Every structure is written in structure tokens, then in C-alpha cells.
Amino acid sequence: MKRIERVVILGANGAMGAGSGETFAAAGITTTFLARDRDKAERGRARAVSMAKSEAISRYIRTGGYEELPAAVAEADLVLEAVGEELPLKRQFFDLVERHRREDSIVATVSSGLSMAAMAAGRSESFRRHFLGIHLFNPPNVIVGTEVVPQKDTDPALTAFVIEFLERRLGRKVIETSDTPAFAGNRIGFKVLNEVAQLAAEHGVLYLDTLLGPHTGRAMAPLATIDFVGWDIHRAIVDNLHAHTNDEAHAAFALPGYMARLAEAGHLGNKTPERGGFFRQVPAAKGAAQEGGGQGLWVLDPARGEYRPAAELATEPPEIVRRMKALHRVGRYREALGLLLTTEGHDAELMRRVVLGYVSYGLGRVGEVVRAVRDVDRIMGFGFNWAPPGLLVDLCGARPVIEALERLRLPVPRCLVDHAERGQRLFTEPFVDAGRFFHG
């Protein structure tokens with residue numbers, strides 16, 4: 001395979017376009033940022049420079065409007081599409097790319113879950129053999145987990161070349177996934193996020209984010225994560241999964257009714273600070289005027305569709321949370337996770353349901369979406385910054401986890417049983433300290 005030295009980014013003014021372009025330019029690769037017009041492309045360049053915290057990458061970035069697409073694509077070794085997550089829109093751009101690309105150039109999409117086969121359908125053999133997904137996680141300059149998604153006609157040699165390029169030249173943590181809805185990371189991660197959103201209607205937002213915070217092996221609590229991602233993005237992903245998958249977690253992908261109603265009213269999380277999502281920051285002047293008063297953090301009451309000051313809702317964290325955090329602070333991760341399996345009471349039962357549901361569903365995708373446990377562990381660890389399912393099993397013990405899954409009536413993945421019988425560790429990523437995933 002030839003080297004990749006010239007890259008074109010389509011949709012370079014957006015978050016994923018600019019972020020993707022930054023990763024190539026930061027590696028010293030000539031990268032052309034294309035957008036609707038040059039001004040928008042320049043804004044993408046400025047965004048990339050800000051991400052890199054260095055003006056130096058500008059020397060590798062060229063900008064232009066889509067009128068320059070034919071000439072830019074004709075010279076490109078790789079064309080990376082990062083326009084809106086709409087299949088008809090993407091296919092319009094691929095019509096242009098197919099018309100002007102070289103026969104040996106690679107065409108890729110950063111889509112987070114659309115069908116590769118649907119994008120490639122009806123195109124030339126050359127296009128289909130050179131087309132695949134390169135799913136970078138946002139922001140790409142910080143999160144190194146990457147999914148490479150070939151479709152049925154992608155040349156296997158090209159897939160192997162792209163994986164090697166991403167790992168060696170760009171320093172990514174790469175897995176290969178099958179062309180299934182939302183691939184591996186988002187399918188597993190958004191199952192958990194949406195399940196917690198469903199539970200919030202009964203148990204409350206602040207309680208669940210306290211119960212399932214970073215001490216359970218995640219960089220950010222689940223509902224705060226949905227606010228960070230954006231309710232519109234969350235809805236698009238879970239709606240896609242609910243419509244196009246039918247596995248044991250199908251019900252967990254149904255968007256809660258209260259989220260649908262609030263999203264339609266403009267509540268999209270952090271990107272709509274005035275309206276908020278699960279949480280909303282209320283400035284002092286506005287807080288004084290609102291019913292209940294008080295500035296600062298306000299929290300959604302899903303049952304009423306209203307917000308209340310967090311200070312009115314805050315209580316002492318559950319005992320299991322306090323004990324786990326105390327153990328994490330001194331690096332006793334195995335003991336902290338042991339509490340997850342052995343503690344009695346409602347709080348622990350709910351925590352087990354979500355955390356072990358994640359383990360069950362994640363490892364259950366081995367053989368369907370990915371080939372090995374390491375693939376699931378790698379994308380959840382380096383794509384979501386969550387403690388990988390295999391690591392959780394290793395810390396808790398395979399046999400106790402299997403017994404806990406059976407008590408909860410959750411599926412016991414075959415790969416978990418196999419590893420338990422052999423007495424093997426599941427988490428095999430080298431040079432990774434478990435402490436990076438747990439916070440006290």
C-alpha cells in the first residue's frame with residue numbers, strides 16, 4: 001500500500017471534521033479542510049489549532065469551499081467525510097467524491113453508526129473496495145479509541161493497512177468492528193446511558209449520577225455524560241439502535257418519553273445552557289427571579305419536566321458510594337469492586353443492575369460485533385474512558401460475576417464462561433494501570 005500523505009476533510013467546520021483534521025495535521029500530513037465556503041473552512045482550521053494548542057499545525061492545513069472539491073479529491077490519498085449524520089446527505093457527497101477520486105484513493109466516513117453498506121450501495125467496484133468507516137470519538141485529539149468498520153466489499157488488505165496507519169502514524173487505539181448499528185462502542189455505551197435515563201424517571205437524576213459516578217469506572221456520571229454529548233445526538237443513536245437491533249437489550253434503547261418531550265422543546269443538554277438537559281446552570285440574577293430561587297446548579301425532575309435547585313435535593317451519598325470512593329483513593333480497586341458484589345440493600349442492588357448489565361451486554365457482543373474481548377475492552381477503555389468490562393471481571397473475579405449475573409437474570413456471555421474455566425484474565429491491554437478508570 002502507498003503512504004497517506006494528502007488528506008481531504010469534508011465538513012471540516014464541524015466538531016468532528018475539525019477534530020479529525022487536527023489529528024492528521026498534527027501528524028505532519030497535508031490536510032485540506034473543505035466546507036460550504038472558505039470562511040467556514042477557516043473556522044475549522046482555527047478550531048483545529050485551538051485543539052492542538054499550537055499554531056504550528058497550520059502549516060499542514062489548507063482550506064477551501066466545496067467548489068474546490070474536484071481538484072482536492074483528485075490529489076487525495078484519503079478522503080474523510082464528516083458532514084451531518086444523515087444518509088442522503090452523505091450519499092450526495094460520495095457522488096461527487098466518486099466522480100473525481102483516483103482509482104487507488106481511500107474513501108472513509110466518520111459516521112458514528114450509519115450503515116457502511118448503505119453508503120456504498122450502487123457504487124463502482126473501485127469505490128466499494130476502497131471504502132470503510134473510521135469512527136473517531138469526540139474530541140479526537142483527546143480520545144484515542146477508534147473503530148475501523150469495513151463493509152462487505154472492502155478490500156481486507158486495505159482494512160489492515162488503514163488500521164496499521166492509524167495505530168503507527170496517528171497513535172490511535174484501534175479495533176475492527178462489523179458493519180452493525182452504532183458498531184461496538186456506542187452500542188454498548190448508549191445502552192447503559194439510556195438505561196440510566198429510563199431509571200431517572202423513577203429514582204431521580206441526582207441520585208443516579210451520585211450512585212453511578214466515577215467510582216463505578218467512568219470518567220463522568222451517566223446523565224451528565226448525556227448532557228455533554230447532547231440530547232439530539234443521544235436520541236439519534238438510541239433511536240437508530242431501537243429501530244435496527246433486536247437483542248436482549250432492545251427495551252433499553254427506547255428513548256424515555258420525558259426526554260422526547262423536552263428535546264422537542266429545545267432542551268439539548270450543555271449545548272443549550274439556557275434550557276439545560278438533566279442539569280442546568282442558573283445565573284444569580286435569573287435564579288433570584290425563578291420560583292424556588294437560588295442560582296447555581298439546578299436538576300431536572302423528569303416526572304414534572306421542571307428544574308429544582310440541586311442544593312434542595314442534595315443528601316449524603318449512599319454508604320456504598322462513600323466506601324468505594326474511600327478505597328479508590330488509596331488504590332484498593334479490587335476491594336472497592338468487591339463491595340459492588342457483596343453489599344446488601346437497594347443502593348447496591350441498583351448499582352449492580354447497571355454495572356453488571358454493562359458487563360453482560362458488552363461481553364455479549366463478542367462474536368457478533370467484534371472478534372475478541374480485547375476489542376470490547378479497548379474501545380470502552382479508550383473510546384468512552386470507562387473501565388473495560390474485562391477489567392471489571394478481573395477485579396471482581398469471574399466466578400462471582402457469573403453468579404451475580406445469574407441472580408440478576410442477566411445473560412452470561414460465553415466468552416466469560418470460557419475464561420472462567422481456563423482461569424485466564426480477560427483484560428490484556430499492556431501498560432495500562434487500572435487506576436486510570438477509577439476516581440475517589
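Residues numbered from 1 in each chain as written. Predicted model: local features only at pLDDT ≥ 70, side-chain atom pairs only at ≥ 80, totals over all residues. Heavy atoms only, no water.

Engineer: With reference to specific residues and values, describe unusual backbone geometry.
Structural biologist: The omega torsion of the bond from asparagine 138 to proline 139 falls at 0°, within 30 degrees of zero and hence cis. Within the secondary structure layout, proline 139 lies in the loop between β6 (131-136) and β7 (145-150). One non-glycine residue, phenylalanine 183, adopts positive backbone phi at about 60°. Note that phenylalanine 183 resides in the loop between β8 (173-176) and α8 (185-203). Within the chain, phenylalanine 431 stands out as a residue other than glycine whose phi angle is a positive 60°. Take phenylalanine 431: its relative accessible area is 87%, and that puts it in the exposed class. (Helix = DSSP H or I, 4+ residues; strand = E, 2+ residues; numbered from the N terminus. Buried < 20%, exposed > 50% of the residue type's maximum accessible area, 1.4 Å probe, protein only.)

Engineer: Describe the packing of helix α11 (residues 231-244) against helix α12 (residues 257-264), listing the residues and the values that go with them.
Structural biologist: Across the interface, α11 lies against α12 with an axial gap of 10 Å and an inter-helix angle of 130°. As judged from the angle between their axes, α11 and α12 are oblique. Seen from above, α11 lies across α12 with left-handed handedness. Contacts between α11 and α12 involve Trp231, His234 and Arg235 on the former and, on the latter, Met259, Ala260, Leu262, Ala263 and Glu264. Grouping the constituent residues of the contact of α11 with α12 by class yields 5 nonpolar, 1 polar and 2 charged. (Axes fitted to C-alpha atoms, helices over the stretch in contact; angles between N-to-C directions. Parallel < 35°, antiparallel > 145°, perpendicular 65-115°, else oblique. Left-handed = near helix turned anticlockwise from the far one by under 90°. Contact = heavy atoms within 4.5 Å. Nonpolar A, V, L, I, M, F, W, Y, C, P; charged D, E, K, R; others polar.)

Engineer: Now, about the packing of aromatic side chains: what can you tell me, with residues and values included?
Structural biologist: The tally for this structure, following the rule as stated, stands at 13 aromatic pairs. Both rings, one in phenylalanine 24 and one in phenylalanine 165, keep their centres 6.3 Å apart while their planes meet at 15°; by these two values the pair is stacked. With phenylalanine 24 in helix α1 (residues 15-25) and phenylalanine 165 in helix α7 (residues 156-168), this pair connects stretches of sequence that are 141 residues apart. Residue class for phenylalanine 24 comes out buried when judged on its relative accessible area of 2%. Look at phenylalanine 253 and tyrosine 361: their rings are 6.2 Å apart centre to centre, the planes differ by 65°, and that puts the pair in the edge-to-face class. You can see phenylalanine 253 sitting in the loop between α11 and α12 and its partner tyrosine 361 sitting in helix α17 (residues 346-364), a full 108 residues away along the chain. (Phe/Tyr/Trp six-rings, centres within 6.5 Å; stacked < 30°, edge-to-face > 60°.)

Engineer: Requested: an account of the sheet that holds strand β10 (residues 296-301), with residues and values cited.
Structural biologist: Within the open sheet, the 3 strands sit side by side as β9-β10-β11. Their pairing is antiparallel. A single partner strand is all that each edge strand has here, and the edge strands are β9 (279-282) and β11 (306-309). Strand-to-strand, the axes of this sheet are offset by a mean angle of 40°, without reference to chain direction. In this structure, β9 lies alongside β10, joined through 4 bridges in antiparallel fashion. Paired with glutamine 281 across the strands is leucine 297, a residue of β10. (Pairing = 2+ DSSP bridges.)

Engineer: Explain the pairing of β10 to me, and be specific about the residues and the numbers.
Structural biologist: Where β10 and β11 come together, 4 bridges link them in antiparallel fashion. Residue pairing in the sheet places aspartate 301 in a bridge with glutamate 306 of β11. In this antiparallel pair of consecutive strands, β10 and β11, the connection spans 4 residues, and glycine 305 shows a positive phi of 70°.

Engineer: Requested: an account of the nonpolar core, with residues and values cited.
Structural biologist: Grouped together as the largest cluster of nonpolar side chains are 91 residues, with contacts concentrated most on Leu223, Trp231, Phe278, Met351, Val401 and Phe438. Other than its neighbours up to four places away in sequence, valine 401 contacts Leu341, Leu356, Val359, Val393, Cys396 and Leu416. Listed in part, the 33 residues of the second largest apolar core include Val7, Ala35, Ala41 and Phe161. (Core = buried A, V, L, I, M, F, W, Y, C linked by side-chain atoms within 4.5 Å.)

Engineer: A description of helix α20 (residues 398-408) should follow, citing residues and the corresponding values.
Structural biologist: Those residues of α20 that fall on the buried side of the exposure criterion are Ala398, Val401, Ile402, Ala404 and Leu405. Seen end-on, α20 carries its buried residues on one side only, within an arc spanning 165°. Opposite the buried face of α20, by more than 90 degrees, sit the exposed residues Glu406 and Arg407. Residues of α20 that are buried in the fold lie against α16 (333-342), α17, α19 (389-396) and α21 (414-422). Arginine 409, located one to two residues past α20, shows a positive phi value of around 60°. (Arc of directions from axis to C-beta.)

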